[in-house]
Amino acid sequence: MIFKNGEACPVCDKKFNEEDDIVICPLCGTPHHRECYNRLGKCANADKHTSGYEYKSGNSDHNSIQEQQEKPDSEKENVQSNEASNRYFLNPENAEKSETVKCGKCGAENKSTSAFCCECGERLTVNEKTVIGRAQEVYTSASQEQYRNSREEIDGKSVSDIASVVVSNTKRFIPKFKRNKALSWNWGAFFFGPYYYMFRKMYKEGIIIMAVRLAVNLVVQGIYTEEYTAFMNFVSSHKEVLTNPTEELLNQLMPYYQAVLPMILILSAVGLVINIFCALFADKFYRSKVFGILNKVDSNLEEGGSFGQNPLFEMNTELSQEQMKTLYLNKLGGISFFAPVLAYLVLDILSSFISKL
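This report concerns the structure included in the present document.

The rules behind these values
- Residues numbered from 1 in each chain as written.
- Predicted model: local features only at pLDDT ≥ 70, side-chain atom pairs only at ≥ 80, totals over all residues.
- Heavy atoms only, no water.
- Helix = DSSP H or I, 4+ residues; strand = E, 2+ residues; numbered from the N terminus.
- Buried < 20%, exposed > 50% of the residue type's maximum accessible area, 1.4 Å probe, protein only.
- Contact = heavy atoms within 4.5 Å.
- Phe/Tyr/Trp six-rings, centres within 6.5 Å; stacked < 30°, edge-to-face > 60°.
- Polar contact = N/O pair within 3.5 Å; in protein donor to acceptor, adjacent residues only side chain to side chain.
- Axes fitted to C-alpha atoms, helices over the stretch in contact; angles between N-to-C directions.
- Parallel < 35°, antiparallel > 145°, perpendicular 65-115°, else oblique.
- Left-handed = near helix turned anticlockwise from the far one by under 90°.
- Nonpolar A, V, L, I, M, F, W, Y, C, P; charged D, E, K, R; others polar.
- Lys, Arg positive; Asp, Glu negative; His and termini not counted.
- Salt bridge = Lys/Arg side-chain N within 4 Å of Asp/Glu carboxyl O.
- Patch = residues over 30% accessible without salt bridge, like charges linked within 9 Å, V, L, I, M, F, W, Y side chains within 5 Å.
- Areas by Shrake-Rupley, 256 points an atom, 1.4 Å probe, with all protein chains shown as cover.

**Considerations on the overall build of the chain**
Summing up its helical and strand segments, the chain has 16 helices and 6 strands in all. The proportion of buried residues among the 357 residues of the chain is 40%. The long-range fraction of contacts in the chain, counting pairs at least 24 apart against all pairs at least 6 apart in sequence, stands at 59%.

**Points about the packing of aromatic side chains**
In the structure shown here, the tally under the stated rule is 17 aromatic pairs. Ring plane angle 40° and centroid distance 6.0 Å describe the contact between Phe173 and Phe177, whose orientation is recorded as tilted. Placement of both Phe173 and Phe177 in helix H8 (residues 170-179) is noted, with a separation of 4 residues, approximately one turn of the helix. Each member of the pair, Phe173 as well as Phe177, carries the same accessibility label: buried.

**Details of the side chain of Arg34**
For Arg34, the position within the fold is in helix H1 (residues 34-40). The buried category is assigned to Arg34, whose relative accessible area is 17%. Among the polar contacts listed, one links the side chain of Arg34 to the side chain of Asp21, at a separation of 2.6 Å.

**Points about unusual backbone geometry**
The phi dihedral of Val167 is positive, around 65°, even though this residue is not glycine. Along the chain, Val167 turns up in the loop between helix H7 (159-166) and H8. The buried category is assigned to Val167, whose relative accessible area is 12%. Its identity is not glycine, yet Asn169 carries a phi of approximately 60°, on the positive side. Relative to the helices and strands, Asn169 resides in the loop between H7 and H8.

**What to know about the packing of helix H11 (residues 203-223) against helix H14 (residues 247-302)**
At a closest axis distance of 11 Å, the pairing of H11 and H14 adopts a crossing angle of 165°. By the angle between their axes, H11 is roughly antiparallel relative to H14. Taken as a pair, H11 and H14 cross one another with a handedness that is right-handed. On H14, the residues that touch Glu205, Ile209, Arg213, Val216, Asn217, Val220 and Gln221 of H11 are Met263, Ile266, Leu267, Val270, Gly271, Ile274, Asn275, Phe277, Cys278 and Phe285. Each residue belonging to the contact of H11 with H14 can be placed in one class, and the counts come to 11 nonpolar, 4 polar and 2 charged.

**Observations regarding the side chain of Arg200**
Within the secondary structure, Arg200 sits in the loop between helix H10 (194-199) and H11. For Arg200, which is buried and forms no salt bridge, the nearest opposite charge comes from Asp283, at a distance of 8.0 Å. Polar side-chain contacts of Arg200 include one of 3.2 Å to the backbone oxygen of Val166. In this view, Arg200 contacts Val166, Ser168, Asn169, Phe173, Tyr286, Gly334 and Ile335; residues no more than four positions away in its chain are not counted.

**Some words on the packing of H14 against helix H15 (residues 321-332)**
Where H14 contacts H15, the two axes come as close as 11 Å, and the packing angle between them is 145°. For H14 against H15, the interelement crossing comes out right-handed. For the pair H14 and H15, contact is made by Ile293, Leu294, Val297, Asp298 and Leu301 and by Lys325, Tyr328, Leu329 and Leu332, respectively. Of the residues assigned to the contact of H14 with H15, the class counts are 7 nonpolar, no polar and 2 charged.

**Considering a nonpolar patch on the surface**
Nonpolar side chains collect at one region of the surface, where Trp185, Trp187, Phe191, Phe192, Leu272 and Ile276 lie side by side and expose about 660 Å² of accessible area between them. Among the elements of the structure, helix H9 (187-192) and H14 are those that each provide at least two residues to the nonpolar patch. No other element matches the 3 residues that H9 contributes to the nonpolar patch. Looking at where Trp187 falls in the secondary structure, it is placed in helix H9.

**As for the pattern of salt bridges**
Under the defined criterion, the tally for this structure stands at 8 salt bridges. When the shortest N-O distance is used, the salt bridge between Asp155 and Arg287 registers 2.6 Å. Placement of the pair is Asp155 in the loop between strand E5 (153-154) and strand E6 (157-158) and Arg287 in helix H14, with a sequence separation of 132 residues. Overall, Asp155 belongs to the exposed group, its relative accessible area being 56%. A residue is classified by how much of its surface remains accessible, and Arg287, at 11% relative accessible area, is buried. Across the pair Lys157 and Asp298 runs a salt bridge whose closest N-O atoms are separated by 2.8 Å.

This is the structure we're talking about:
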């Protein structure tokens, strides 16, 4: 990068010359001496990044490539060599060669998270992923992407924020949230019952439904305690009925089986009714969950709250409050594979323990 007389480093305030090793902040375009930048440990204007600050220079020469073309080949090679040595990326070890952006002015390859060219300082034309940074890309699903810039609202809440909470399968939920029907059918909730609620982080509803199912099972099993105990005792003492049943054994088992058959039918009917209930109300409950999260976050922001960037989370850019809000909503919403598995194991252990009392 070539500077005219008068351009100065914002750290040491010394004027640049063509022999200096100069680095350019890829986020705002501010030039520094490399030594000054390393000593400071960040861009001199880092505190302005979240407000969209861009370095404007009345003295910087953005036509340096054209000047090079007018020079003799020997001088051109020297300038190119100097400029190549001045290339600087923040956290270069994290740069991925397959994700680069070519500068439209000088043709230099830049990291996809850079907003300004590392050589000539020209602002890069890149997609929104550059602005938000690779950190948010981790949380953003393909289904969420289409709603990111939406200005539409549902009951006063931005569709973009709603999608940030839902994260996955937004194409299904956004239209249902708009219609806001009292009842709708959810096949996932029908097949998996309360475990689907846990999967969608509706922990309170999921726990209540599992508690109801457990209570009904215990009551029904209590009514048929004698029949169930006799059936299990016969099976335990005649294990061959499960591995190599004979006609005689099956005839002996039949009275015990017929005695517990009403219990089996009742428990099956209860399970079916609960799953139908889960399927009919899952979307309604989930809508309340999503809007409850948004109401709580908006209330905290109105009371003067703000988002803080986790220093343990490595990123190549500083996020604005709006971008950190999106990350926070992703974290509160989304899905959990661990919760339904844990719920199943806990319920199984609890059921076994109570049945032995």
